[in-house]
Amino acid sequence: IDSGYFTDSGFPDMVLSPVCGMSKLRLDDSVDAYERKLYQKPLDVSFFSTNWVKLITKLLERHGCCPGDVDYYFFSQYAKTQVQQTAEMLGVSFDERFVYIGDIYGYTGTTSPVVAYHEAVVKGILKPGQKYIFCSVGCGYQMTAVLYQS
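Residues numbered from 1 in each chain as written. Predicted model: local features only at pLDDT ≥ 70, side-chain atom pairs only at ≥ 80, totals over all residues. Heavy atoms only, no water.

Draft legend 1. Representation of the overall build of the chain in the model. Assigned secondary structure in the chain consists of 6 helices and 6 strands. Along the chain, from the amino end to the carboxyl end, the secondary structure elements read β-β-α-β-α-β-α-α-α-α-β-β. For the chain, the spread of C-alpha atoms along the three principal axes comes to 55 × 30 × 25 Å. Across the 150 residues that make up the chain, the buried fraction comes to 38%. Taking as baseline every contact in the chain between residues at least 6 positions apart, the subset at least 24 positions apart corresponds to 63%. Summed over all atoms, the accessible surface of the chain reaches about 8400 Å², with 52% contributed by carbon and sulfur. Both charge centroids of the chain, one from 13 positive and one from 16 negative side chains, sit 3 Å from each other. (Helix = DSSP H or I, 4+ residues; strand = E, 2+ residues; numbered from the N terminus. Buried < 20%, exposed > 50% of the residue type's maximum accessible area, 1.4 Å probe, protein only. Contact = heavy atoms within 4.5 Å. Areas by Shrake-Rupley, 256 points an atom, 1.4 Å probe, with all protein chains shown as cover. Lys, Arg positive; Asp, Glu negative; His and termini not counted. Charge placed at Lys NZ, Arg CZ, Asp CG, Glu CD.)

Listed below in structure tokens is the structure:
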């Protein structure tokens, strides 16, 4: 139906892959093992839920909907506590409306909402005409929400 985006470029060093950068890795054979690795800076992501709620609320309002009109939410599996906090802030049940698969597959990156959707399809819980929110977050950071109706 529609989508919304949010970008905050204030975290450019949140994840480095590789630490030294691709150009140096490619051009300099003397790069040590540490510099060749992925680096993820420890980061308090408690702000995720606040920004997810803003993004989702704005998206739903554009279509005359509210959080309770959404049948299922398929979210990034990056931080379960932030997804639970988002459900609470939206006023919907995490256990009833969110498909969480992080405990089964771990964090599968920005594809985790799609993996969660696949899990719901396999379980047979989705029905025609339902509304879904797909929401993910990427390094740096960016957030995306998609309102979808089957």
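Draft legend 2. Expanded view of the nonpolar core. If you look at the biggest cluster of nonpolar residues, it comprises 26 residues, and the most contacted ones within it are Trp-52, Ile-56, Leu-60, Tyr-73, Phe-75, Phe-98 and Ile-133. The set of elements that each furnish at least two residues to this core consists of α2 (47-61), β4 (72-75), α3 (80-90), β5 (131-138) and β6 (142-149). By residue number, the principal contributor to this core is α2, which donates 7 residues. Contact partners of Ile-56, with chain neighbours within four places excluded, come to Tyr-73, Phe-75, Leu-90, Ile-133, Cys-135 and Ala-145. (Core = buried A, V, L, I, M, F, W, Y, C linked by side-chain atoms within 4.5 Å.)

Draft legend 3. Geometry of the pattern of salt bridges. The final tally for this structure, using the stated rule, is 1 salt bridge. Between Asp-2 and Arg-62 there is a salt bridge, with the nearest N and O atoms lying 3.0 Å from each other. Here Asp-2, found in strand β1 (residues 2-7), pairs with Arg-62, found in the loop between α2 and β4; they are 60 residues apart in sequence, far enough to count as distant. With relative accessibility at 23%, the residue Asp-2 sits in the partly exposed group. (Salt bridge = Lys/Arg side-chain N within 4 Å of Asp/Glu carboxyl O.)

Draft legend 4. Examining the sheet that holds β4 more closely. As summarised here, the arrangement of the 4 strands in space is β1-β6-β5-β4, forming an open sheet in which the pairing is mixed. The open sheet has two free edges, formed respectively by β1 and β4, since each of these has just one partner strand. For this sheet the average axis-to-axis angle between neighbouring strands, irrespective of direction, equals 15°. Examined bridge by bridge, β5 and β6 share 8 bridges and lie antiparallel to one another. In the sheet register, Gly-138 faces β6, and the bridge partner there is Gln-142. The sheet contacts of α2 involve β1, β4, β5 and β6, and relative to β6 the element is tilted by about 40°. (Pairing = 2+ DSSP bridges. Axes fitted to C-alpha atoms, helices over the stretch in contact; angles between N-to-C directions.)

Draft legend 5. Looking closely at the environment of Pro-12. Examined against the element boundaries, Pro-12 turns out to sit in the loop between β1 and β2 (15-16). Taking the relative accessible area as the measure of exposure, Pro-12 reaches 64% and is therefore exposed. Remark: the alpha-carbon pair of Pro-12 and Ser-136, spanning 124 residues in sequence, is separated by 18 Å.

Draft legend 6. Seen up close, the packing of aromatic side chains. On inspection of all chains with the given rule, the structure shows 18 aromatic pairs. The interplanar angle of 25° and the centroid separation of 5.7 Å between the aromatic rings of Phe-94 and Phe-98 together place this pair among those described as stacked. Judged by centre distance (6.1 Å) and plane angle (80°), the rings of Phe-134 and Tyr-148 are edge-to-face. You can see Phe-134 sitting in strand β5 and its partner Tyr-148 sitting in strand β6, a full 14 residues away along the chain. Here the aromatic cluster, defined as three or more aromatic residues joined through ring pairs, consists of Phe-47, Phe-48, Trp-52, Tyr-73, Phe-75, Tyr-78, Phe-94, Phe-98, Tyr-100 and Tyr-107. Seen from the ring of Tyr-100, Lys-80 lies directly overhead, with NZ or CZ sitting 4.7 Å from the centre. (Phe/Tyr/Trp six-rings, centres within 6.5 Å; stacked < 30°, edge-to-face > 60°. Lys NZ or Arg CZ within 6 Å of the ring centre and 35° of its normal.)

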